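Listed below are the residues making up each chain.
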There are 2 protein chains.
Amino acid sequence: MIKSFDELIAKLDGCPLKKVSVAVAQDAHVLEAVKVAKERNIADAILVGDKEQIEEIAKSIDMDLSSYEIIDVKDMTEAAKKAVSLVSEGVADMYMKGAIDTKGFLKSVLDKEVGLRTGKPLSHVCVFDVEGVDQLLFLSDVAFIPYPTLEDKVSIINNTVEICHAVGIPNPKVAPLAAVEVVNPKMPVTVEAAELTKMNEEGKITGCIVDGPLSFDLAICPEAAQHKAGASDRKIVGDADVLLFPDIHAGNLVYKAMVHTAKIVNGNLLTGTKAPVILTSRSDSVEVKVNSLALGAVVADFMKNNN
Amino acid sequence: MIKSFDELIAKLDGCPLKKVSVAVAQDAHVLEAVKVAKERNIADAILVGDKEQIEEIAKSIDMDLSSYEIIDVKDMTEAAKKAVSLVSEGVADMYMKGAIDTKGFLKSVLDKEVGLRTGKPLSHVCVFDVEGVDQLLFLSDVAFIPYPTLEDKVSIINNTVEICHAVGIPNPKVAPLAAVEVVNPKMPVTVEAAELTKMNEEGKITGCIVDGPLSFDLAICPEAAQHKAGASDRKIVGDADVLLFPDIHAGNLVYKAMVHTAKIVNGNLLTGTKAPVILTSRSDSVEVKVNSLALGAVVADFMKNNN
């Protein structure tokens, strides 16, 4: 089982080099990530955007553009459309956001003709390598679906479990989180968590083990889980792979609390699409962007071999 | 301004030694915390509970009971009632949970005759000293009020601000948290956060500066806050003291995520009561219990001097 981003990157060694198509590539952090990704054999790139600006930025970060394909499209909407079509046509394996706002980028992802829709709802997964936690943690949804319904939560689980399978976790453990680990009819989140667990037992959610509601410590901390009475009945004992959040506020606050207070390496992807979509935010570091490219490349390889 | 629990404990140096009354004191972790608190001049204690069991446990942790007042009450409900009455009568300064379940303990806190009701709603505050964060963080509510209304949030702010004043933060910055830092009518949490901010500007919430909605990074990370456009208009720029959570799930998940992934020292109190109430959970370490006693002693001293 893969337990770190370094292991994830090492997993790419045997695979044909994947190619990322970057929408509106004139962004210093994105180009730096693309450069590092190529140096580390994680992915090659096609840069779609304003060629002059791309060249200017490349010079400032000491990036040699001679080995990259650059497609000169000045208009941002057109650049995104061109970039995403390269992925849907199979010229590139994954799609990445550059200096375009999230709304415009998502519009290209969802474009009916050249976009990457599958009919499945989209969701977002953030993968954490936390110091002191044995397994990689897949957090969802911390950025995309504000108030997921039960149906949305099933989609989030399915989307996230596919990413786990791609990474090499054949039967991930999914923890629907709450403040408490017992069902309380006054807390709808706990009722839905139990419902998801039941759907998994009945074979309506497959490819994973669902066990909730769970508090955060019982989900990721084996010691805490073992101390609690009744832990022996549980399928998850501090060894959850997937952390499913009640809503975007809980998810986003935990995500940012961990990033800003703990030692964490992370990468993230938009899921539920035909090909991996890298939608890192402006404030994400180059490291996060490189990790996201590595995650995307592993998922692209898995999709190619399984579809 | 006090920035750590060590500074908080040092603040007690000049004050008369406070006394904690412990309900059902036959609990090894609690007795150990009481012992450490006395050694460090944080607080003295009156132990109410099963005397034989208290003596047995004391022996096992090498605790000399000769300097403690012990009141022998075998029945748990009666022990709690006796212990809390010592606080309401002014014999002790604060109240602490021992080997009694939370429900039974709260019943004694809320007892109409001998309890510690003020008429104000109770809430819970958890104080964090996070490595890398300059100020102490006051998280609320992560444990007591499941789904706070706007009115509840005003009470939570008032209760928590009083604790900040006691600790020596005269005008704390209160951040009503959300996934985003702009008001979005589709996210009720952000609308309420803006409403709380307005109430503060209009003088309906006093003794503090409220600014929300805020995402976690903009609340506690000055760098992140300064990078965001528009930060210059904000009253909080990564320097929040109080983190107000949308609901118990968001609060509790963040609280446990931070405790289990970051380097954090913490202590906590029940607030809105006549005297400080220490309601640590069984899984809290001795250190957390000692910190909570120190926090309680500082708050008890403040209450004595200001009421």
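Going along each chain's sequence as written, the residues are numbered from 1 onward. Here chains are named by letter from A upward and ligands by number from 1 upward, in the order in which they appear as written. Owing to the predicted nature of the model, reporting of local features is limited to residues with pLDDT of at least 70; listing and counting of side-chain atom pairs is limited to 80 or more, with chain, interface and lining totals taken over all residues. The basis for every side-chain value is the complete set of heavy atoms in the structure, and neither hydrogens nor water enter the calculation.

**Some points on the packing of aromatic side chains**
All names here are of chain A.
Turning to step 1, where the next piece is worked out: Planes of paired rings set the category: under 30 degrees apart is stacked, over 60 is edge-to-face and the rest tilted, where pairs are Phe, Tyr or Trp rings (Trp by its six-membered ring) whose centres lie within 6.5 Å. Applying the stated rule across the entire model yields four aromatic pairs over all chains.
Turning to step 2, where the next piece is worked out: Look at Tyr95 and Phe105: their rings are 4.6 Å apart centre to centre, the planes differ by 20°, and that puts the pair in the stacked class. With Tyr95 in strand E4 (residues 94-97) and Phe105 in helix H5 (residues 102-109), the pair connects residues that are ten residues apart, well separated along the chain. Phe105 carries the same exposure label as Tyr95, and that label is buried.
Turning to step 3, where the next piece is worked out: Should the NZ of a Lys or the CZ of an Arg lie within 6 Å of a ring centre and within 35 degrees of the ring normal, that charge is described as sitting over the ring. The lysine or arginine in question, Lys38, covers the ring of Tyr68, its NZ or CZ lying 4.2 Å from the ring centre. Helix and strand definitions here come from DSSP, where helices need a minimum of 4 consecutive H or I residues and strands a minimum of 2 consecutive E residues; each element is numbered from the N-terminal end. Only protein chains enter the accessibility calculation, which uses a 1.4 Å probe. A residue is then buried if its area is under 20% of the maximum for its type, exposed if over 50%, and partly exposed in between.

**Digging into the packing of helix H6 (residues 150-167) of chain B against helix H11 (residues 286-306) of chain B**
Residue and element names in this part refer to chain B.
Turning to step 1, where the next piece is worked out: Between H6 and H11, whose axes approach to 9 Å, the crossing angle comes to 90°. Judged by the angle between their axes, H6 and H11 are roughly perpendicular. Residues Glu162, Ile163, His165, Ala166 and Val167 of H6 pack against Leu295, Val298, Val299, Phe302 and Met303 of H11.
Turning to step 2, where the next piece is worked out: In the scheme used here, Gly and all other residues not listed as nonpolar or charged are polar, with Ala, Val, Leu, Ile, Met, Phe, Trp, Tyr, Cys and Pro taken as nonpolar and Asp, Glu, Lys and Arg as charged. Among the residues forming the contact of H6 with H11, the class breakdown is eight nonpolar, one polar and one charged. Think of each axis as a best-fit line through the C-alpha atoms, taken over the contacting stretch in the case of a helix, with angles from 0 to 180 degrees between the N-to-C directions. The labels follow the angle: roughly parallel below 35 degrees, roughly antiparallel above 145, roughly perpendicular from 65 to 115, and oblique for the rest. The contact rule is simple, with two residues in contact once any of their heavy atoms fall within 4.5 Å.

**Here's the deal with the environment of Ser215 of chain A**
Turning to step 1, where the next piece is worked out: Positionally, Ser215 of chain A belongs in the loop between strand E8 (209-210) and helix H8 (216-220).
Turning to step 2, where the next piece is worked out: Under the relative-accessibility criterion, Ser215 of chain A is labelled buried at 1%.
Turning to step 3, where the next piece is worked out: In this structure the C-alpha to C-alpha distance between Ser215 of chain A and Thr149 of chain A, which are 66 residues apart in sequence, comes to 20 Å.
Turning to step 4, where the next piece is worked out: Beyond its immediate chain neighbours, meaning those up to four positions away, Ser215 of chain A contacts Leu177, Ala178, Ala179, Val180 and Glu181 of chain A together with Lys256 of chain B.
Turning to step 5, where the next piece is worked out: Here a polar contact is taken to be a pair of N or O atoms separated by no more than 3.5 Å, where protein atoms must pair a possible hydrogen donor with a possible acceptor and residues adjacent in sequence count only if both atoms sit in side chains. Within the structure, the side chain of Ser215 of chain A is placed 2.7 Å from the side chain of Asp217 of chain A, a separation counted as a polar contact.

**Description of the interface of chain B and chain A**
Turning to step 1, where the next piece is worked out: Facing 31 residues of chain B, the contacting portion of chain A comprises 31 residues.
Turning to step 2, where the next piece is worked out: Between chain B and chain A, roughly 2500 Å² of surface is buried when both sides are summed, and carbon and sulfur atoms account for 76% of that area.
Turning to step 3, where the next piece is worked out: Buried area is a sum: the accessible area each of two parts loses on coming together, probed at 1.4 Å, counted once for each and added. It is His249, Leu253 and Thr261 of chain B in chain B that bury the most area against chain A; as a group they hold 26% of the surface buried on that side.
Turning to step 4, where the next piece is worked out: A salt bridge links Lys256 of chain B to Asp217 of chain A; the nearest nitrogen and oxygen atoms lie 3.6 Å apart.
Turning to step 5, where the next piece is worked out: Elements that contribute at least two residues to the side of chain B that touches chain A include exactly helix H7 (188-201), helix H8 (216-220) and helix H10 (248-261) of chain B.
Turning to step 6, where the next piece is worked out: In terms of residues, the side of chain B that touches chain A owes the most to one element, H10 of chain B, which gives eleven residues.
Turning to step 7, where the next piece is worked out: Residue composition of the side of chain B that touches chain A, grouped by class: 22 nonpolar, five polar and four charged. Salt bridges are defined as contacts in which a side-chain nitrogen from Lys or Arg sits within 4 Å of a carboxyl oxygen from Asp or Glu.

**Looking at unusual backbone geometry**
When glycine is set aside, most residues are seen to have a negative phi, and most peptide bonds are trans.
Turning to step 1, where the next piece is worked out: In the segment running from Gly212 of chain A into Pro213 of chain A, the intervening peptide bond is cis, with an omega of 0°.
Turning to step 2, where the next piece is worked out: The step from Ser140 of chain B to Asp141 of chain B runs through a cis peptide bond, and the omega angle for that step is -5°.
Turning to step 3, where the next piece is worked out: Checked against the element boundaries, Asp141 of chain B lands in the loop between strand E6 (137-140) and H6.
Turning to step 4, where the next piece is worked out: We note that Val24 of chain B has phi near 60°; this positive angle belongs to a residue other than glycine.

All quantities given are derived from atomic positions and should not be read as evidence of function.
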